[in-house]
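Next come the chains, spelled out residue by residue.
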Amino acid sequence: MIAYLRGTVVARAESSCVVLTPGGVGYEVGLTVHAAAGLPRQGEVELFVQTIVREDALELYGFATWDERETFALLLSISKLGPKTALAMLSVFSPDDLRRVVLADDFMPLVQVPGIGKKSAQRIFIELKYKLEPGGVAPGPLPGSLPGPAASVFRDALAGLTNLGYDETQARGVLEAVLGAEPDLDVAGALRAALRHISKARE
């Protein structure tokens, strides 16, 4: 399954683009409206990818962060919610926005998404609330002491550690310490440092 792409954008549309990889293969990737608008005019693009295989097609959907990609996958697990609706939801709401909707316990903001009416919003919200509750896929609040870029790295690295099976509370503590000491780390660097820290703690 394709989970990550890096290459040059050679064509674009309102909600998709074609990424040409260094190997010479061009992949069409579905995007949120915001992601498509933010594509660079020149140079490389890096995307986390969700691959969906169907009988008659193989579809790729790209995201700027791992958190967006994981939230997209979570939305697809909701009954009767397909990739186009999930992409539309992430065009209106960021992952953190969806968490705030759940915390507010109000399904009405979801009707802002094109194609979602009041009844659909209520049905989606019930499943979304269950899946985004503490202990689910989505991490909780970000530490307020971290600067903006480090907070974004914290969120994506935390998602990576929890997906690897590490306890979220432990992962939070380790990442806060790691990024507090080295706030300029990228996601990969933060993950490596956190895994080293956890490994040493177990010795």
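A few points on the structure. (Residues numbered from 1 in each chain as written. Predicted model: local features only at pLDDT ≥ 70, side-chain atom pairs only at ≥ 80, totals over all residues. Heavy atoms only, no water.)

Notes on the side chain of Thr71
Rules: Secondary structure elements follow DSSP: runs of H or I of four or more residues count as helices, runs of E of two or more count as strands, with numbering from the N terminus. Using a 1.4 Å probe on the protein chains alone, a residue whose accessible area is under 20% of its type maximum counts as buried, one over 50% counts as exposed, and one in between counts as partly exposed. What qualifies as a polar contact is a pair of N or O atoms within 3.5 Å, subject to a donor-acceptor requirement within protein and to the restriction that residues adjacent in sequence count only when both atoms come from side chains. Throughout, a residue-residue contact means that at least one pair of heavy atoms, one from each residue, lies within 4.5 Å.
Looking at where Thr71 falls in the secondary structure, it is placed in helix 2 (residues 66–76). Owing to a relative accessible area of 8%, Thr71 belongs among the buried residues under this scheme. Only 2.8 Å separates the side chain of Thr71 from the backbone oxygen of Asp67, close enough to count as a polar contact. Contacts of Thr71, omitting those with residues within four sequence positions, involve Leu90, Pro95, Leu98 and Arg99.

Points about the sheet that holds strand 1 (residues 4–13)
For clarity, the threshold we go by: Any two strands between which DSSP finds at least two bridges are classified as paired. For helices, the fitted line uses only the C-alpha atoms of the stretch in contact; every axis is such a line through C-alpha atoms, and the angle between N-to-C directions lies from 0 to 180 degrees.
Ordered in space as 1-2-3-5-4, the five strands form a closed barrel in which the pairing is mixed. The average angle at which neighbouring strand axes cross in this sheet is 55°, direction not considered. Summarising the sheet, strand 1 and strand 4 (residues 44–53) pair through five bridges and their orientation is antiparallel. Counted as the bridge partner of Thr8 is Glu44 from strand 4. Across the sheet, helix 2 lies against strand 4 and strand 5 (58–63), angled at about 15° from strand 4, the strand it touches most. Packing against the sheet, helix 3 (residues 83–92) makes contact with strand 3 (26–30), strand 4 and strand 5, and its axis sits at approximately 10° to strand 5.

Comments concerning helix 5 (residues 118–131)
Stated precisely, the cut-off is as follows: Given the number of residues in a helix, its expected span is that number minus one, multiplied by 1.5 Å.
With 14 residues, helix 5 extends 20 Å from end C-alpha to end C-alpha; this agrees with the ideal 20 Å at 1.5 Å per step. Residues of helix 5 that are buried make contact with helix 2, helix 3 and helix 4 (95–104).

A short note on unusual backbone geometry
For Lys80, which is not glycine, the phi torsion reads 60° and is therefore positive. Among the structural elements, Lys80 can be located in the loop between helix 2 and helix 3. A relative accessible area of 79% means that Lys80 is categorised as exposed. Even without being a glycine, Asp105 presents a positive backbone phi close to 55°. If you trace the backbone, Asp105 turns up in the loop between helix 4 and helix 5. Judged by relative accessible area, Asp105 falls into the partly exposed class, the value being 48%.

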